[in-house]
Amino acid sequence: MAAPVQIYKLGIAQLFAGLSEQEKRYSHYMSRAAWSGTRIILRQVSPESIAIFDFILELHRLCGGDWKQLSRDGGIDEEEMQAWLEYAATFLSNIGNYYGSGDQKFVPRTKPTTLQRLSSLSPKLSNLYEGIQSSLVTIPPFTLGYPSAVAQSAYYEGGLEKDEIALVNKYSAFHSIFPENTRLRKTAKGTYEVLQASALTEEAALSLKIPSSSTAAEHAANDTQKKFLAEYIKSFRTGSLDAYRDSQRTWVTDKAPSIENIFGLVEPYRDPAGTRSEFEGLVAIADAEETKLLSKLVESSDTFIRRLPWASAENNGKGLFEKSLFEPPDFSSIHTLAYCSSIIFPGINLPNYNDIRQDLGFKNVIIANRMVAESAAVQWPFIDDSEIETFQKHKYPAYYWWVVLHELLGHGTGKMMVEEPAGKFNFDPASPPLSPLDGEPIKTWYKPSQTWTGQFEDLATTVDECRAELVGAYLMDDTELLALFGYTDESEIRASDLTYNLYQQLGVDGLRALSNFNVDGMKWGQAHSRAHFAMLKCLLRHGGGCVRVYHSKEAKKIIVNVDRSKIISHGKKALGEMLLRLHMYRCTADVQACREYYEDLSYVDAECLEWRQIVIDNKPPPLLNVQANTFIDGEAVTLREYEPTVEGIIQSWAERAV
């Protein structure tokens, strides 16, 4: 059931006030385009999500946001109404009735009689409720996943089996049909239909994006922005992913914009097959002062790439499984103005297309107002009472720089071994490079038309995130690196304190990840969570006591303990070996070895299931967000922020009018 909540405000007023009028208009129309993707996400989450969304907003329209009056008019007591408002706010923050982090379904804590009374307040509510009465409150399905008795996926319709999905995916890949913006349907005749999202198809929500995108172009800062907006529009209108890839080639060259954006069907985290992507729309304002510090790291990137586990004398000290040239990416600290997504990520590294990344580079962004807000949230109590105050004090800077390293050097490194059409290779096939895992020539690589996500399927996103997390953790003891960030033996928070806190977070994150493991389907619900658990298992197995988990069945308590003296000698060594394995599996397309290794490390055994129950019992309230809106007021663009309350969240969505 939807639990009581904690809410953070994604404040943006100060940075918005510093924009020029042209920038304000550009950001306004881009934000409208972002929020118009809401119904795309709802359609991708579950069949009932759009109707639930409309039910919530119709209730708000009916009462004008005066929920106390609605409670009195409907004969609903305050506790029941509060439970409904918490559900509604949770739904809106996640843009659907499954948690964005974890993918578990949540349902209202309100009584059926309360829902019935709410639905009776207008004919429209009654009609909407008739279609969602069962799915609104019914579990199972428990989670998103391959369609089954315990899971559902809106990407797959008509009773599709897992092997059928894999078969169609392979057929599509062979015929160069990109899957990111598609759904798959099995007809009554047993044939398969691949449905592609575009404004010309049933995905009509995409058509809402086109007017706002076109108007935004009138206020763009340069021709590059106008060009990628035109390419966005072509992609949204026709469904062409070639046009979308063109937009990404252009977008990545728009360096250091004052208004940053991300648009499209971007991340495949919620597709159980790991290929179809959910819509995401982000519009954010860059913070010039915060970005300056990130630029120092970007300039020194090559130095630290040479310290990663696969580095060797070849390739100017980077090794054969690293790109020869690390093209310094655009790396910005941004504050989100509009983030239409089922999950608010702390950092982003895009585009996801490896050919574009290797030819043109990529962009990194750190979403600072999200990270600041989250740092004050109530979290899991898995640190000893004697250390909790210091842990909280050091947590934000350690987490912040871990995310920075994750995005820049985690997602930004590595060279895929690729065979291209017409017998071209990006390595010498007559004398393949030697694997640092066994000293033998590599035996596997990407064949023509094969991609990382297509080959690794359900493992692709979690292994990719795990590898990036490992890069960040592996480098977080480097004194030269930490000194760049201002942490030395003389700073208020010492460099060694930051490293120690990072290893504490590895333990805590590994444990709290278990809340996103679904015992009914025995599956992981979130790519990052599975990665964090695998990293903890690695440290427990191979870290020589660097990290320990103390479990008291009687007290129903678990505590993470880190031995400072073993961080460098044992902890880093264990993480480095894991990182090297995942890196090599990824670079050489060694799917079988990767699956055997990673599935073993992320397996949840009986003891860990006991830990999971304690994690669930101590789970803090869900973390929701409230975001601002912009409006055209005569010749001016105005910003409206909302109170961090459940009522504030609902009002903000009602005023978006999407």
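As shown above, the structure is provided for reference.
To keep things clear, this report deals only with the structure shown in the data block.

Reading guide: rules and limits
- Residues numbered from 1 in each chain as written.
- Predicted model: local features only at pLDDT ≥ 70, side-chain atom pairs only at ≥ 80, totals over all residues.
- Heavy atoms only, no water.
- Helix = DSSP H or I, 4+ residues; strand = E, 2+ residues; numbered from the N terminus.
- Rg over C-alpha atoms; globule rule 2.2 N^0.38 Å.
- Contact = heavy atoms within 4.5 Å.
- Disulfide = S-S within 2.5 Å.
- Pairing = 2+ DSSP bridges.
- Patch = residues over 30% accessible without salt bridge, like charges linked within 9 Å, V, L, I, M, F, W, Y side chains within 5 Å.
- Areas by Shrake-Rupley, 256 points an atom, 1.4 Å probe, with all protein chains shown as cover.
- Salt bridge = Lys/Arg side-chain N within 4 Å of Asp/Glu carboxyl O.
- Core = buried A, V, L, I, M, F, W, Y, C linked by side-chain atoms within 4.5 Å.
- Buried < 20%, exposed > 50% of the residue type's maximum accessible area, 1.4 Å probe, protein only.
- Axes fitted to C-alpha atoms, helices over the stretch in contact; angles between N-to-C directions.
- Parallel < 35°, antiparallel > 145°, perpendicular 65-115°, else oblique.
- Nonpolar A, V, L, I, M, F, W, Y, C, P; charged D, E, K, R; others polar.
- Arc of directions from axis to C-beta.
- Phe/Tyr/Trp six-rings, centres within 6.5 Å; stacked < 30°, edge-to-face > 60°.
- Lys NZ or Arg CZ within 6 Å of the ring centre and 35° of its normal.
- Left-handed = near helix turned anticlockwise from the far one by under 90°.
- Expected span 1.5 Å × (residues − 1).
- Polar contact = N/O pair within 3.5 Å; in protein donor to acceptor, adjacent residues only side chain to side chain.

1. Structural notes on the overall build of the protein
1) Next: Scanning the protein for helices and strands turns up 27 helices and 20 strands.
2) Next: A compact globule built from 658 residues would reach a C-alpha radius of gyration of about 26 Å, and the protein, at 25 Å, matches this within 12%.
3) Next: The dimensions of the protein, computed from C-alpha atoms along their principal axes, are 75 × 65 × 60 Å.
4) Next: For the protein, long-range pairs separated by at least 24 residues make up 74% of all intrachain contacts whose partners lie at least 6 apart in sequence.

2. Let's talk about the state of the cysteines
1) Next: Taken as a whole, this structure holds zero disulfides when the rule is applied.
2) Next: In this structure Cys466 is not part of a disulfide, and its nearest cysteine sulfur, from Cys538, lies 8.5 Å away.

3. A short note on the pairing of strand 19 (residues 629–633)
1) Next: For strand 19 and strand 20 (residues 636–640), the ladder comprises five bridges, and the chain directions are antiparallel. If you follow Thr630 over to strand 20, its bridge partner there is Leu639.
2) Next: Turn length for the strand 19-strand 20 hairpin, with the two strands adjacent in sequence and antiparallel, is two residues, and the turn residue Gly634 shows positive phi of about 70°.

4. Some words on a nonpolar patch on the surface
1) Next: On the surface, Val519, Met522 and Leu609 cluster together into a nonpolar patch covering about 220 Å² of accessible area.
2) Next: Assignment of secondary structure puts Val519 in the loop between strand 14 (517–518) and strand 15 (523–524).

5. A closer look at the nonpolar core
Note on soluble globular proteins: their nonpolar side chains tend to be buried together.
1) Next: One finds Leu409, Leu475, Tyr503, Leu506, Leu511, Met578 and Leu582 to be the most contacted residues of the largest nonpolar core, which totals 96 residues.
2) Next: Those residues within four positions of Leu582 in sequence are excluded, and the remaining contacts are Val463, Cys466, Arg467, Leu470, Tyr597 and Tyr598.

6. Section: the pattern of salt bridges
1) Next: Applying the stated criterion across every chain yields a total of 36 salt bridges.
2) Next: When the shortest N-O distance is used, the salt bridge between Glu480 and Arg307 registers 2.6 Å. With Glu480 in helix 21 (residues 479–484) and Arg307 in the loop between helix 14 (301–305) and helix 15 (314–317), the pair connects residues that are 173 residues apart, well separated along the chain.
3) Next: Residue Arg307 is classed as partly exposed on the basis of its relative accessible area of 33%.
4) Next: Ionic pairing is found between Lys572 and Asp477, a salt bridge with its closest N-O pair at 2.9 Å. With a gap of 95 residues between them, Lys572 in helix 24 (residues 567–588) and Asp477 in the loop between helix 20 (460–475) and helix 21 connect regions that are remote in the sequence.

7. Points about the packing of helix 3 (residues 38–45) against helix 4 (residues 49–63)
1) Next: At a minimum axis distance of 7 Å, the contact between helix 3 and helix 4 shows a crossing angle of 130°. Considering their axes alone, helix 3 and helix 4 lie oblique with respect to each other. Of the residues in helix 4, those touching helix 3 at Thr38, Arg39, Leu42, Arg43 and Val45 are Ser49, Ile50, Phe53 and Asp54.
2) Next: When grouped by side-chain class, the residues that make up the contact of helix 3 with helix 4 number four nonpolar, two polar and three charged.

8. What about the sheet that holds strand 8 (residues 278–286)?
1) Next: An order of 7-8-9-11-10 is seen for the five strands of this open sheet, with the pairing classed as mixed. Each having just a single partner strand, strand 7 (259–267) and strand 10 (347–350) make up the two edges of the open sheet. Each neighbouring strand pair of the sheet contributes to a mean axis angle of 35°, computed without reference to strand direction.
2) Next: For strand 8 and strand 9 (residues 330–340), the ladder comprises six bridges, and the chain directions are antiparallel. Across the sheet, the residue bridging to Ile285 is His335, located in strand 9.
3) Next: Seen against the sheet, helix 13 (residues 288–299) touches strand 8, strand 9 and strand 11 (363–367) and runs at an angle of roughly 135° to strand 9.
4) Next: On top of the sheet, helix 18 (residues 388–410) reaches strand 9, strand 10 and strand 11; it is set at about 160° to strand 11, its chief contact.

9. Section: helix 8 (residues 123–132)
1) Next: Among all positions in helix 8, only Leu125, Leu128, Tyr129 and Ile132 are buried. Viewed end-on, helix 8 has its buried residues packed into an arc of 100°, placing them on one side of the element. Exposed side chains of helix 8 directed beyond 90 degrees from the buried face belong to Pro123, Asn127, Glu130 and Gly131.
2) Next: Close packing links the buried residues of helix 8 with helix 4 and helix 7 (112–119).

10. A word on the packing of aromatic side chains
In this description, an aromatic ring pair is defined by two values, namely the gap between the centres and the angle between the planes.
1) Next: A complete count under the given rule lists 23 aromatic pairs for this structure.
2) Next: Here the basic side chain of Arg245 rests over the ring of Phe178, its NZ or CZ set 4.2 Å away from the ring centre.
3) Next: When the ring centre of Tyr500 is taken as reference, the NZ or CZ atom of Arg564 above it lies at 4.1 Å.

11. Quick notes on the packing of helix 18 against helix 20
1) Next: At a minimum axis separation of 8 Å, helix 18 and helix 20 run at an interaxial angle of 120°. Where helix 18 crosses over helix 20, the handedness of that crossing is right-handed. The residues of helix 20 that touch helix 18, namely those facing Trp402, Leu405, His406, Leu409 and Gly410, are Glu465, Arg467, Ala468, Glu469, Val471, Gly472, Ala473 and Leu475.
2) Next: Considering only residue class, the contact of helix 18 with helix 20 consists of seven nonpolar, three polar and three charged.

12. A word on the sheet that holds strand 4 (residues 156–157)
1) Next: The three strands lie next to each other as 4-5-6, forming an open sheet whose pairing is mixed. Only two strands of the sheet have a single neighbouring strand rather than two, namely strand 4 and strand 6 (192–196).
2) Next: Examined bridge by bridge, strand 4 and strand 5 (residues 182–186) share two bridges and lie parallel to one another. Bridge pairing in strand 5 links Glu157 to Arg185.
3) Next: The strands touched by helix 9 (residues 162–174) are strand 4, strand 5 and strand 6; relative to strand 6, the strand with the most contacts, the crossing angle is about 60°.

13. What to know about the pairing of strand 11
Remember that side chains alternate between the two faces of the sheet whenever the strand is regular.
1) Next: Burial analysis of strand 11 places five of its five residues in the buried class, which makes it a mostly covered element.
2) Next: Taken together, the five bridges between strand 9 and strand 11 define a ladder with parallel strand orientation. Looking across to strand 11, one finds that Asp330 is bridged to Lys363.
3) Next: Relative to strand 11, strand 10 runs antiparallel, the two sharing four bridges. In the sheet register, Ile348 faces strand 11, and the bridge partner there is Val365.

14. Examining helix 6 (residues 78–94)
1) Next: Here helix 6 spans 24 Å end to end across 17 residues, near enough to the 24 Å set by a 1.5 Å rise per residue.
2) Next: The buried fraction of helix 6 is high, at 14 of 17 residues.
3) Next: With a side-chain oxygen positioned 3.2 Å from the backbone nitrogen of Glu79, the residue opening helix 6 is Asp77.
4) Next: In the stretch just after helix 6, Ile95 is the one whose phi turns positive, near 50°.

15. Observations regarding the environment of Glu480
1) Next: Residue classification places Glu480 among the partly exposed residues on the basis of a relative accessible area of 43%.
2) Next: The residues contacting Glu480, other than those within four sequence positions of it, are Thr303, Phe304 and Arg307.
3) Next: One polar contact links Glu480 to Arg307, side chain to side chain, over a distance of 2.6 Å.

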